[in-house]
Amino acid sequence: MLRLATINVNGIRAAHHKTRGQTLGFSEWLAERDCDVVTLQEVRAPDEVVREIVAESGYHLAHTESAAKGRSGVAVLSRAEPKDVRLGCGDPYFDDSGRWVEADVPLPDGSLLTVVSTYVHSGGVGTPQHDDKIRFLGQMITRMRDIGASGAHGIVTGDLNVGHTENDIKNWKGNLGKAGFLPEERAYLDRVVDELGWVDVHRALSGDVPGPYTWWSMRGQAFDTDTGWRIDYQLATPALAAAARTATVDRAPSWAERWSDHAPLVVDYDL
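Quick caveat: nothing in here was measured; it's all calculated off a predicted structure.

Cut-offs applied
Residues numbered from 1 in each chain as written. Predicted model: local features only at pLDDT ≥ 70, side-chain atom pairs only at ≥ 80, totals over all residues. Heavy atoms only, no water. Pairing = 2+ DSSP bridges. Helix = DSSP H or I, 4+ residues; strand = E, 2+ residues; numbered from the N terminus. Contact = heavy atoms within 4.5 Å. Axes fitted to C-alpha atoms, helices over the stretch in contact; angles between N-to-C directions. Buried < 20%, exposed > 50% of the residue type's maximum accessible area, 1.4 Å probe, protein only. Core = buried A, V, L, I, M, F, W, Y, C linked by side-chain atoms within 4.5 Å. Arc of directions from axis to C-beta. Polar contact = N/O pair within 3.5 Å; in protein donor to acceptor, adjacent residues only side chain to side chain. Salt bridge = Lys/Arg side-chain N within 4 Å of Asp/Glu carboxyl O. Parallel < 35°, antiparallel > 145°, perpendicular 65-115°, else oblique. Nonpolar A, V, L, I, M, F, W, Y, C, P; charged D, E, K, R; others polar.

The strands making up a sheet are joined through hydrogen bonds of the backbone, oriented either antiparallel or parallel. In spatial order, the strands read E5-E6-E7-E8-E10-E9; together these 6 strands make up an open sheet with mixed pairing. Either end of the sheet is taken by a strand with one partner, and the two such strands are strand E5 (84-87) and strand E9 (199-200). With 7 bridges joining them, strand E7 (residues 112-119) and strand E8 (residues 153-159) adopt parallel strand pairing. Counterpart to Leu113 in the pairing with E8 is His153. Relative to the sheet, helix H4 (residues 128-149) contacts E5, strand E6 (100-106), E7, E8 and strand E10 (232-236), its axis offset from that of E6 by approximately 15°.

The following block contains the structure:
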């Protein structure tokens, strides 16, 4: 069984340090969950700091940081040493954005699993950041097509900042016309499924139900009332998706015990 988790840590230094009221932080969760692969988004720290935090975890680290200090940053942690690591999504425009890293992780049967950790932009409608988001999503499709054609298992994980369907946002009516739920954004996830044939593993295992959500605003009562968004994904090639057995959102017991505004999405694959 291969256990793979993805989590937007909302700053790895803050997530690593427990605060008053928390029973555990990121590092304690990492040790207790015993995953084979963990992907991180919004790491927001220099490479040397990230390596120091995970140094005693037993994981190999593939990490890319943003040229903009304190922004973005994505990583792949794996028990098995990757055969290869690639930084960036293939579009030079995003090379220093810290939004895409790939690691070719060997599986016990000798095959490879290409693991992607990505953090997609959250820019508002009509802003340059939104234009960048659309360009990035287009390049994501291109790169996923290449991974699918390679013959390896492939999985794209992370915070895509897009709710695909009405089931993915509690207050979807109130978010019509807003970034994160725009038709042109959601169309890229349609293409992932309909054009590429990849599978949204969490949705496939959860069924046609509201949520389960993976992000809640830190403001107001969003967490307590489960007014969330499902924007953290594991998108897998068909053979890998067919091996998925369980998907769990590690939602904190209470607002005070959260170490990120996202919750980890953990999937077990029978490989």
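Glancing now at the pairing of E7. Most of E7 sits out of view: 7 of its 8 residues are buried. Pairing between E6 and E7: 7 bridges, direction antiparallel. Each residue of the ladder has a partner; that of Pro106, found in E7, is Leu112. Hairpin connection between E6 and E7: a loop of 5 residues separates the two successive antiparallel strands, and Gly110 in this loop has a positive phi of roughly 95°.

What follows deals with unusual backbone geometry. Cis geometry is found at the peptide bond from Gly211 to Pro212, where omega equals -10°. With respect to the helices and strands, Pro212 occurs in the loop between helix H6 (201-206) and E10. In this model, Asn10 sits at a positive phi of 55°, which is unusual for a non-glycine residue. Here the phi dihedral of Asp34 falls at roughly 50°; this positive angle occurs in a residue that is not glycine.

A word on the nonpolar core. Core analysis: the biggest nonpolar cluster contains 29 residues, and Leu113, Ile155 and Tyr269 have the highest contact counts within it. Listing elements by their share of this core, those giving two or more residues are strand E1 (2-8), strand E4 (74-78), E6, E7, helix H7 (238-242), strand E11 (244-249) and strand E12 (265-269). Apart from the residues lying within four places of it in its own chain, the contact partners of Tyr269 are Met1, Leu2, Leu4, Ile155, Val201, Gln234, Leu240, Ala243 and Ala244. Of all hydrophobic cores here, the second largest spans 24 residues; its members include Val9, Ala15, Val38 and Leu61.

An α-helix turns once every 3.6 residues. As a result, residues three or four positions apart point the same way. Within helix H3 (residues 47-54), the full set of buried residues consists of Val49, Val50, Ile53 and Val54. Angularly, the buried residues of H3 cover 120° about the axis, an arc narrow enough to put them on a single face. For H3, the exposed residues lying more than 90 degrees away from the buried face are Glu48 and Glu52. Residues of H3 that are buried sit in contact with helix H1 (12-16), helix H2 (26-33), strand E3 (60-64) and E4.

Turning our attention to the environment of Arg135. Counting through the fold element by element, Arg135 comes out in helix H4. What makes Arg135 partly exposed here is its relative accessible area of 41%. Taking the C-alpha atoms as reference, Arg135 lies 9.7 Å from Phe94; in sequence the two are 41 residues apart. In terms of polar contacts, Arg135 uses its side chain to reach the side chain of Asp91, at 2.8 Å.

Turning to the pattern of salt bridges, a few remarks are in order. Under the counting rule described, the total for this entry stands at 19 salt bridges. Here Arg86 makes a salt bridge to Asp104, at a shortest N to O gap of 2.9 Å. Taken together, the residues Arg86 in strand E5 and Asp104 in strand E6 connect sequence positions 18 residues apart. Salt bridges linked by common partners bring Asp84, Arg86, Glu102, Asp104, Arg143 and Asp146 together as one network.

What follows deals with the environment of Leu4. In this fold, Leu4 is placed in strand E1. Given a relative accessible area of 1%, Leu4 falls into the buried group. For the pair formed by Leu4 and Thr118, sequence separation is 114 residues and the distance between their alpha carbons is 15 Å. Once residues lying within four places of it in the same chain are set aside, the contact partners of Leu4 are Val37, Leu113, Ile155, Thr157, Gln234, Leu265, Val266, Val267 and Tyr269.

Let's shift gears to the packing of H4 against helix H5 (residues 183-194). Running from N to C, H4 and H5 cross one another at 5°; their axes reach a closest spacing of 10 Å. Judged by the angle between their axes, H4 and H5 are roughly parallel. From H4, His130, Lys133, Ile134, Leu137, Gly138, Met140, Ile141, Met144 and Arg145 reach across to H5, where they touch Glu184, Glu185, Tyr188, Arg191 and Val192. Looking at the contact of H4 with H5 residue by residue, the class counts come to 7 nonpolar, 2 polar and 5 charged.

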